[in-house]
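Structure assessment
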Amino acid sequence: MSLRAPLFLLGLLVSIQALMMGIPATVDLLAGHPNWRAFATSGVICLFVGVALAVTNLSTVDDLRPRQAVFFIVMAWLCIGFFGAGPFYFSIWFLSPVDAIFESISGITTTGATVIEHLQFQSKGLLLWRAMLQWVGGIGFVIMAASILPALQIGGMQLFHLETSDRSEKIMPRADQIIKRIGLVYLLLTILCIVGYALAGMSTFDAVAHALTTVSTGGYSTQNDSLAAFNSSLIEWWAILFMVLGSLPFVLYARAFAQGPQVLAHDGQVRTMLLIMACGVGLCLVMLVQLPPSQTGVDAQGLGLLRLIVFNIVSVMTGTGYASAAYDTWGAFAVPVFFFLMLLGGCAGSTTCGIKVFRLQVMFQTLTCQLKKVSSPRMVAVPVFDGRPIGDDVVASVMGFFFLFATSLAITAAALGLMGLDFLTCLSAAASALANVGPGLGDLVGPASTYASLPDGAKWILCVAMLLGRLEFLTFLALLTRRFWAR
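Residues numbered from 1 in each chain as written. Predicted model: local features only at pLDDT ≥ 70, side-chain atom pairs only at ≥ 80, totals over all residues. Heavy atoms only, no water.

1. Some words on the overall build of the chain
Going by this rule: Secondary structure elements follow DSSP: runs of H or I of four or more residues count as helices, runs of E of two or more count as strands, with numbering from the N terminus. C-alpha atoms define the radius of gyration in this analysis, and the globule rule sets the expected value at 2.2 Å times the number of residues to the power 0.38. Partly exposed residues are those whose accessible area sits between 20% and 50% of the maximum for their type, while under 20% is buried and over 50% is exposed, using a 1.4 Å probe and protein chains only. Only heavy atoms enter the contact rule, under which two residues are in contact if any of them lie within 4.5 Å. To measure how exposed things are, a 1.4 Å probe is used in the Shrake-Rupley method; for residues, cover is taken only from the protein chains shown. Only four residue types enter the charge count: Lys and Arg as positive, Asp and Glu as negative, with His and the chain ends excluded. Charged side chains are reduced to one point each, which is NZ for Lys, CZ for Arg, CG for Asp and CD for Glu.
Helix and strand content of the chain: 23 helices and two strands. Since a compact globule built from 487 residues should have a radius of gyration of about 23 Å, the 22 Å found for the chain is in line with a globular shape. The principal-axis extent of the C-alpha atoms belonging to the chain is close to 75 × 65 × 50 Å. The burial tally for the chain puts 56% of its 487 residues in the buried class. When contacts within the chain are restricted to residue pairs at least 6 apart in sequence, long-range pairs at least 24 apart make up 72% of them. Summed over its atoms, the accessible surface of the chain is roughly 20,300 Å², and 67% of this surface lies on carbon and sulfur atoms. In the chain, 25 positive and 23 negative side-chain charges are present, and the distance between their average locations comes to 12 Å.

Okay, here's the thing in structure tokens:
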């Protein structure tokens, strides 16, 4: 396998990352904050490495073969996460190497778990850099899920194979058309979100930073108390809207240009996701109405209570990770509800991660067909997704994904247990990292806490888990096999 094309692309990617660091560096320089030096130092290092990679591996990259694409995907996330840690490490607050890499990988994977405890003391440039990492990670995953994963037949994503691409060995022969449309939609949603936040009362800086992390469903905030610090119902409803928009398939947005917005309303995956959200809201609403405030810590009533529930349900299910309340104290019933939604995630081809709604639909349809065959052995039952028959290859891919997700969850939780953490922290932190949600459950990693108190070993484990979940497992694990590197 020739690595010249992937390494050339990696060089360009790292060089672009170096140029991006100029934006937060300028913000800190204009504000008179000395932290601009951290971005300047990191930018020079990134530019040197990026240019060196690109110059020494000059080649044509019109079409990537499957193994080249897998190598590039994994290395791209590793490189951006590693070099993105530079500003955190060189900053005047001097995060340790593990904390800097954890913060960067959490950002680029749009997980949103943080080790920074006092955000109000950080420079605006550093806060903006956290938001930019998540914004880049969001659009990066959408492009990967729309253009590369379907052709690689990973996790059942071949259900969403683009009509603009053929099914040959080439990965992205004509994907540039769909990428341009997706990029335009992503940019427009971000601009609309910025305008809405600004009109709702945020400062320009806060509006930009939060819009970048809302549309990408990342969840990094400029405040310790997340959006609850602004104490504005309008801001929270606006965030709910754009968290949902960010969790919808961006391929459908691209198709809406030609077919009209009704394609979103007619999509079965979108309807199922909204139905699950509504069920979660209904269950929590019934529970909080019946329990006294002394047990749940929730004093809100009426529309305020509804907003509180909807905001946190949508935030957790979309993997954004914003928090306006400590929902893990809402009673024993709330913990399994939020844990299930944390694992589930949004739609395929969106900025969200997790299991994804379409895989739940595929498994449900497959189970329904198996039950029909048990009752009527001669019946020919074919699972269907959005009016199309589901092939055996898709079912096998989805079942493989479920197996890998469950196995990874068990191994990650067990590894965290070896670090001396309690059961709830181990399980929820592992699930949060693999599903790229951010906040977990419990006192250590709950919505009102940070990951700063975890031991360094646990942070390294969670870094691997975040990358594993963001890369849809098979992409990451393929590089660890001997057959992948064989001629």
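Here the narrative resumes.
2. Overview of a nonpolar patch on the surface
For the record, the criterion: Patches here: salt-bridge-free residues with over 30% relative accessible area, like charges joined within 9 Å, nonpolar side chains (Val, Leu, Ile, Met, Phe, Trp, Tyr) joined within 5 Å. For salt bridges, the criterion is a side-chain nitrogen of Lys or Arg within 4 Å of an Asp or Glu carboxyl oxygen.
A surface patch of nonpolar side chains, about 670 Å² in accessible area, is lined by Leu 184, Leu 187, Leu 188, Ile 191, Val 195, Leu 199 and Phe 257. It is helix H9 (residues 175–200) that contributes the most residues to the nonpolar patch, six residues altogether. Following the sequence through the fold, Ile 191 ends up in helix H9.

3. Here we look at helix H18 (residues 357–375)
Residues three or four positions apart in an α-helix share a direction because the helix packs 3.6 residues into each turn. Threshold: Here the expected span of a helix is defined as 1.5 Å times the quantity of residues minus one.
For H18, which comprises 19 residues, the first-to-last C-alpha distance of 27 Å matches the rise-based estimate of 27 Å (1.5 Å per residue) to within 8%. In this structure, the buried side of H18 is in contact with helix H14 (268–290), helix H16 (302–317), helix H17 (334–344), strand S1 (384–385) and helix H19 (392–417).

4. What to know about the packing of helix H11 (residues 233–246) against H16
What counts here: Interaxial angle, 0 to 180 degrees, is taken between N-to-C directions of lines fitted to C-alpha atoms, where a helix line uses only the stretch in contact. Here a crossing is taken to be left-handed if its near helix is turned anticlockwise relative to the far helix by less than a right angle, and right-handed if that turn runs clockwise. For this classification, Asp, Glu, Lys and Arg are treated as charged, while Ala, Val, Leu, Ile, Met, Phe, Trp, Tyr, Cys and Pro are nonpolar and the rest, including Gly, are polar.
Between H11 and H16, whose axes approach to 10 Å, the crossing angle comes to 35 degrees. As for the relative orientation of H11 and H16, their crossing is left-handed in sense. Facing H11, whose interface residues are Ser 233, Glu 236, Trp 237, Ala 239, Ile 240, Met 243 and Val 244, H16 presents Leu 303, Arg 307, Val 310, Phe 311, Val 314 and Ser 315. Of the residues contributing to the contact of H11 with H16, the split by class is nine nonpolar, two polar and two charged.

5. Concerning the confidence of the model for the chain
Let me state the cut-off plainly: The predictor rates its confidence in each residue with pLDDT, a number between 0 and 100.
A residue-level look at the chain finds 95% of positions with pLDDT of 70 or above and a mean pLDDT of 88. Confidence scores differ between elements of the chain, with helix H15 (residues 293–296) showing the lowest mean pLDDT of 71 and helix H10 (residues 204–215) the highest of 96.

6. Some thoughts on the nonpolar core
Operational definition: Side-chain atoms within 4.5 Å link the members of a nonpolar core, which is a set of buried Ala, Val, Leu, Ile, Met, Phe, Trp, Tyr and Cys residues.
Core analysis: the largest hydrophobic core is formed by 154 residues, its most contacted members being Tyr 197, Trp 330, Phe 358 and Tyr 451. At 13 residues, the largest contribution of residues to this core is made by helix H7 (residues 124–147). Ignoring anything within four residues of it in the chain, the contact list for Phe 358 reads Gly 155, Gly 156, Met 157, Leu 159, Phe 160, Gln 269, Ala 348, Phe 385 and Val 398.

7. Focus on helix H2 (residues 22–30)
How we decide: Think of it as the arc spanned by the lines of direction from the helix axis to the C-beta atoms.
Turning to H2, its buried residues are Pro 24, Ala 25 and Asp 28. Along the axis of H2, the buried positions cluster into a sector of 105 degrees, meaning they face one direction only. Close packing links the buried residues of H2 with helix H1 (4–20), helix H3 (36–56) and H7. Phi turns positive, to about 75 degrees, at Gly 32, one or two residues after H2.

8. Quick look at the packing of aromatic side chains
What counts is decided by this rule: Two aromatic rings from Phe, Tyr or Trp, using only the six-membered ring of Trp, form a pair when their centres are within 6.5 Å; if the ring planes differ by under 30 degrees the pair is stacked, by over 60 it is edge-to-face, and anything between is tilted.
What the rule picks out here adds up to 17 aromatic pairs. Between the aromatic rings of Tyr 89 and Phe 90, the centroid separation amounts to 5.2 Å while the plane-to-plane angle is 75 degrees, which identifies the pairing as edge-to-face. Relative to Phe 242, the ring of Trp 238 lies with its centre 5.0 Å away and its plane at 50 degrees, an arrangement referred to as tilted. Of this pair, Trp 238 and Phe 242 both sit in helix H11, four residues apart, which is roughly one turn of that helix.

9. Overview of unusual backbone geometry
With a phi angle near 85 degrees, Lys 356 is a residue other than glycine that sits in the positive phi range. Counting through the fold element by element, Lys 356 comes out in the loop between H17 and H18. Positive phi, normally seen in glycine, also occurs at Phe 473, with a value near 65 degrees. The residue Phe 473 is located in the loop between helix H21 (456–470) and helix H22 (474–478) in this model.

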